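The primary structure of each chain is shown beneath.
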Amino acid sequence: MYFLDIWDVDMMRRRDETNKTDHRTNLYHCDNLIVRRGQEFQIKITFSRAYKPNEDKFAVEFVIGADPQYSKGTYLPVFPTKTRQSSWGGRVIQTNDNVVTMGITPAANCIVGKYHMYVAVQTPFGIRRTKRDNSRDLYVLFNPWAADDAVFLDDEAERQECVMNELGVIYHGAYDDVSERNWNYGQFNYGVLDACLYIMDRSEMPITNRGDPIKVTRKASAMLNSRDDDGVLVGNWSGDYTYGVAPTSWTGSTDILLSYSGSKMPVCYAQCWVYAAVFNSFLRCLGIPSRVVTNYYSAHDNDGNLKLDIILDDNGRIDRSRTKDSIWNYHCWNECYMSRPDLPPGFGGWQVVDATPQETSDGMYRCGPASVLAIKHGHICFPFDAPFVFAEVNSDVVFYSRKNDGTMEPVRVNKSHVGRMVLTKAVGSNGRRDITDQYKFPEGSPEERTVLEKAEEFGCKQEKSSPPEADVNVVLPTLEISVGNDFEFNVEFVNQSLQKRTVQAYVSGSVVYYTGVSSNEFLFKTPTVTIPAQKSVKELMTIESRNYLAHLVEQANLNFIVTGKIKETGRIVTAMKVVTLHTPKLTVEVTGGGRVNEEMMASVQFTNPFSFNLENVHLRMEGPGVMELKSRYYSLLPGGSSLTWTEMFAPQRAGKTRVMATLDCSGLRQVSGQASITIET
């Protein structure tokens, strides 16, 4: 009677074998076995002789972390017999001569990460254990398909979009002139899963917390920015990106994540959509359903109340030195899907997490997870950081008049400007989906009032006064303008009263960063406008490109603010408008086979539409599942001249996808183009 010995272990880890197809992990570029928790996978063990269940004793052992312990869930023995089980289920599925096929089910709340695997057999001479073998390492991910997992999402179309889709569309621009940016999340690309696990290692997050999506997402929201913990991305809103890649130049997350895990140094540079896009790759890669959302007119409030203070002098002109709060034209954050056992029932589901470093939370630059439903209903006492997100979508814009003695009097309140629209990519298509109603009730509805009162009980202060409305309205035009164009800007004054009105107006136009911070004022006029009773008068202004072109910052936005005082009544009138200048497009064309592993060609064309030269021009191009990142540099592109850049590539997998490209230089940011392609097998 020979004792049982182990000859071989087959992890059944090939892409076409049942483990990877059943667990939906066959797209990961990784040779090891990757499974999702709470769901059975199989391995085959070849013994030295036939296995006898009544006499032989063996266990499959999984260990994770530096100091594996059974009590901490970091050492997990899995047994084949019903009488003896641990938190990971085990069973013999089939025995064939010397080969035993074993089914193993990781607990639905187990630690997410990379485990080492051993097989141990009891012999008369003690325990015999297999040697350490990297090819038997096992990755365990979150499982949105398993009902017992905290990230379970009971909607297949939503899971395909928010876990499996690598192609992103991220919205920017202005709420009445939406622009989109394509992004390659690349969550299945070679090395990305290891990079995501490295981020958790680097954060020194206790290994035992890594099965809890609340703790994982909160830690990651701090780790994706480099403030206070040498995290993944360095933020830069200065306009000078000499020592890194301009935020507008990136086309996907892979390059950023691999650069961080390779160099172990923060990557330069990011602004809000880059943080949100890379965070999205991290979440989808680990199996947490997630999406990038954009909030138009996002309040960035410096003093934690529910109002943005704009301070005017006695005549109604903006006092820029005293106005500290800013309104971002848009701001991107993430939503991830999970249950919230730490909150009362009903507040699970979509949670806001935000990696852009704006304010500290518990001493770190991080934000979330905050329940979207709690924000909608004003339960801003629920963890984490709900008041900050609530203010981003609900703040009032309050205009104060500052008297000569320094006292401030509220003269106008705009309750509907902030949080004008919240967008995310539609499920299963490249269209957009308006989810504003998930964050707030309709403006002016009784529910909205109740929510604001509730928020106030929890300490969010609001502007109580409602100064009388002025009887003159100021209407600003909606314009679509390209960079470099001259245009007409007509300010319309509408008199709703029965007497004539005279307005001493201030019309200011300045170039702004998308964060609402002004860089240069290119227009300042002080017309006095007389409007007959119940009539309207248009004040015409011509804006010449030479006045604004020299001052443009990367996301060419022109911010127009009209303020003024009605002579007859002393009331204040205000109006605000952001005009997003459209940049020229890249033309991307793809030609060739259209089959997996057959060579194809992508060409990018661009013509410099300006009379001036563009210098130090960087181009980038990539496509989810079909093309790795390629880049090209041109030191000079003279005014009026064109460039054509072609690259060959062989698609790695079938399906619908896009090839996306960007062009970036200090004279012109945010130029992009894309081509949709379908690859056959």
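Sequence order as written defines residue numbering, which begins from 1 separately in each chain. With pLDDT at 70 or above as the cut-off, local features in this predicted model cover only qualifying residues; side-chain atom pairs require 80 or more to be listed or tallied, and sums for whole chains, interfaces and linings still use all residues. Side-chain descriptors were evaluated using all non-hydrogen atoms of the structure, hydrogens and water having been removed beforehand.

## Considerations on the overall build of the protein
Put simply, DSSP marks the helices as runs of H or I at least four residues long and the strands as runs of E at least two long, and each gets a number from the N terminus on. Within the protein one finds eleven helices and 41 strands. On C-alpha atoms alone, the protein measures out to a radius of gyration of 29 Å, which is about the 26 Å that the 2.2 N^0.38 rule sets for 681 residues. If you line up the protein on its principal axes, its C-alpha atoms span 110 × 60 × 35 Å. The burial tally for the protein puts 56% of its 681 residues in the buried class. Contacts: residue pairs with any heavy atoms within 4.5 Å of one another. For the protein, restricting intrachain contacts to residue pairs at least 6 apart in sequence, the fraction spanning at least 24 positions comes to 67%. Counted as positive: Lys and Arg. Counted as negative: Asp and Glu, with His and the chain ends omitted from the count. Charge coordinates come from a single atom per side chain, which is NZ of Lys, CZ of Arg, CG of Asp or CD of Glu. Of the side chains in the protein, 72 bear a positive and 81 a negative charge, and the two mean positions are spaced by 2 Å. We take the radius of gyration over the C-alpha atoms and set the globule estimate at 2.2 Å times the residue count to the 0.38 power. Each residue's exposure class comes from its accessible area (1.4 Å probe, protein chains only) as a fraction of the maximum for that residue type: buried when under 20%, exposed when over 50%, partly exposed otherwise.

## Here we look at unusual backbone geometry
Between Cys 268 and Tyr 269 the backbone carries a cis peptide bond, its omega angle lying at 5 degrees. For the bond from Gly 368 to Pro 369, the omega torsion is 0 degrees, close enough to zero to count as cis. Topologically, Pro 369 is positioned in the loop between strand S20 (364–365) and strand S21 (370–371). If you check the backbone angles, Asp 97 has positive phi at about 55 degrees while not being a glycine. Tracing the chain through its elements places Asp 97 in the loop between strand S6 (89–96) and strand S7 (99–105).

## Re the packing of aromatic side chains
Centres within 6.5 Å make a pair out of two Phe, Tyr or Trp rings, where for Trp the six-membered ring is used; the pair is then stacked when the planes are under 30 degrees apart, edge-to-face when over 60, and tilted otherwise. By the definition in use, this model includes 26 aromatic pairs. A network of ring pairs unites the aromatic residues Trp 237, Trp 273, Trp 328, Tyr 330 and Tyr 514 as a single cluster. By definition here, charges over rings are those cases where NZ of Lys or CZ of Arg is within 6 Å of the ring centre and within 35 degrees of the ring normal. Its guanidinium or amino end placed over the ring of Trp 273, Arg 181 lies 3.9 Å from that ring's centre, counting from NZ or CZ.

## Quick look at the nonpolar core
The biggest cluster of nonpolar side chains holds 65 residues, and the ones touching the most others in it are Phe 282 and Leu 286. For each domain, the first and last residues come from an automatic or database assignment. Residue contributions to this core reach at least three from each of two domains, namely domain 1 (6–141) and domain 2 (156–458). With residues up to four places along the chain from it excluded, the contact list for Leu 286 reads Val 112, Leu 141, Phe 142, Leu 193, Cys 196, Leu 197, Met 200 and Val 216. What is meant by a nonpolar core is a set of buried Ala, Val, Leu, Ile, Met, Phe, Trp, Tyr and Cys residues, joined one to another through side-chain atoms within 4.5 Å. Residues Val 503, Val 507, Ile 543 and Leu 558 belong to the second largest nonpolar core, which totals 58 residues.

## What to know about the pattern of salt bridges
The term salt bridge refers to a side-chain nitrogen of Lys or Arg lying within 4 Å of a carboxyl oxygen of Asp or Glu. Evaluated as defined, the whole model comprises 32 salt bridges. Two residues, Lys 415 and Asp 396, come together in a salt bridge whose shortest N-O distance is 3.0 Å. Of this pair, Lys 415 sits in the loop between strand S23 (408–414) and strand S24 (421–425) while Asp 396 sits in strand S22 (residues 396–402); the two residues are 19 residues apart in sequence, bridging distant segments of the chain. Across the pair Asp 664 and Arg 669 runs a salt bridge, and its minimum N-O distance is 2.5 Å. For the pair shown, Asp 664 and Arg 669 are each scored as buried. Each of Glu 158, Arg 291, Glu 335 and Arg 433 takes part in salt bridges that share partners, so that together they form one network.

## Examining helix H3 (residues 192–202)
When you tally the buried positions in H3, you get eight out of eleven residues, the bulk of the element. Turning to H3, its buried residues are Val 192, Leu 193, Ala 195, Cys 196, Leu 197, Tyr 198, Ile 199 and Met 200. For H3, the secondary structure elements touched by its buried residues are strand S2 (33–36), strand S8 (113–123), strand S10 (138–141), helix H4 (213–223), helix H5 (254–263) and helix H6 (272–286). Positioned one or two residues after H3, Glu 204 has a phi angle of 55 degrees, which is positive.

## Observations concerning the sheet that holds strand S28 (residues 487–495)
DSSP-based pairing: two strands are paired if at least 2 bridges between them are found. Strand order in the open sheet made by the three strands is S26-S28-S32, with antiparallel pairing throughout. Of all strands in the sheet, those bounded by a partner on one side alone are strand S26 (472–475) and strand S32 (536–543). Adjacent strand axes in the sheet meet at a mean angle of 20 degrees when their direction is disregarded. Bridging between S26 and S28 involves four bridges; their strand directions are antiparallel. In the sheet register, Val 474 faces S28, and the bridge partner there is Phe 493. Working convention: axes come from line fits to C-alpha atoms, limited for helices to the stretch in contact. Angles between N-to-C directions cover 0 to 180 degrees.

## Observations concerning the pairing of strand S39 (residues 642–649)
Judged by which residues are buried, S39 turns out to be one-sided: Leu 643, Trp 645, Glu 647 and Phe 649 face inward and are buried, whereas Ser 642, Thr 644, Thr 646 and Met 648, on the alternate face, are not. The pairing of strand S36 (residues 600–607) with S39 spans eight bridges and is classified as antiparallel. Opposite Phe 606, over in S39, you have Leu 643 as the bridge partner.

## Points about the sheet that holds S36
If you trace the three strands from one edge of the open sheet to the other, you get S35-S36-S39, paired in antiparallel fashion. Edge strands, defined here as strands with exactly one partner in the open sheet, are strand S35 (587–592) and S39. Pairs of neighbouring strands in the sheet enclose a mean axial angle of 20 degrees, with direction left out of account.

## Focus on the state of the cysteines
Note on terminology: pairs of cysteine sulfur atoms within 2.5 Å are recorded as disulfides. For the coordinates displayed, the defined rule picks out zero disulfides. Cysteine Cys 110 shares no disulfide, and the gap to the nearest cysteine sulfur, in Cys 285, comes to 16 Å. Using a relative accessible area of 6% as the deciding quantity, one classes Cys 110 as buried. No disulfide involves Cys 162; its sulfur sits 11 Å from the nearest other cysteine sulfur, which is in Cys 336.

## Describing the packing of H3 against H6
Here H3 crosses H6 at 105 degrees, and the two axes come no closer than 10 Å. Relative to H6, the element H3 is oriented roughly perpendicular. Across the interface between the two elements, Val 192, Leu 193, Cys 196, Leu 197, Ile 199 and Met 200 of H3 pack against Phe 282, Cys 285 and Leu 286 of H6. For the contact of H3 with H6, the residue count by class is nine nonpolar, no polar and no charged. Angles are sorted into four bins: roughly parallel if under 35 degrees, roughly antiparallel if over 145, roughly perpendicular if 65 to 115, and oblique for all others. The nonpolar class holds Ala, Val, Leu, Ile, Met, Phe, Trp, Tyr, Cys and Pro. Asp, Glu, Lys and Arg form the charged class, and all remaining residues, Gly among them, are polar.

## Here we look at helix H10 (residues 446–457)
Each residue after the first adds 1.5 Å to the expected span of a helix. A rise of 1.5 Å per residue sets the reference length of H10, with its twelve residues, at 16 Å; its end C-alpha atoms lie 17 Å apart and thus fit the reference within 8%. By the burial criterion, the buried members of H10 are Glu 448, Val 451, Leu 452 and Ala 455. Within H10, the buried residues cover an arc of 95 degrees as seen down the axis, which keeps them to one side. Exposed side of H10, more than 90 degrees from the buried face: Pro 446 and Glu 457 are the residues found there. Of the residues flanking the end of H10, it is Gly 459, one or two places downstream, whose phi is positive at about 105 degrees. Throughout, the arc means the angular range of directions from the helix axis out to the C-beta atoms.

## Focus on the UniProt feature "active site" (unreviewed entry) in the protein
In the numbering adopted here, UniProt assigns the feature "active site" (unreviewed entry) to Cys 272, His 331 and Asp 354. What stands out for the annotated residues spanning 83 residues is how close their C-alpha atoms remain, the widest pair being 9.9 Å apart. Note on Cys 272: relative accessible area 0%, which makes it buried. The exposure class of His 331 is buried, given its relative accessible area of 0%. UniProt positions are given in the numbering used here, feature names are shortened, and annotations may be inferred rather than shown by experiment.

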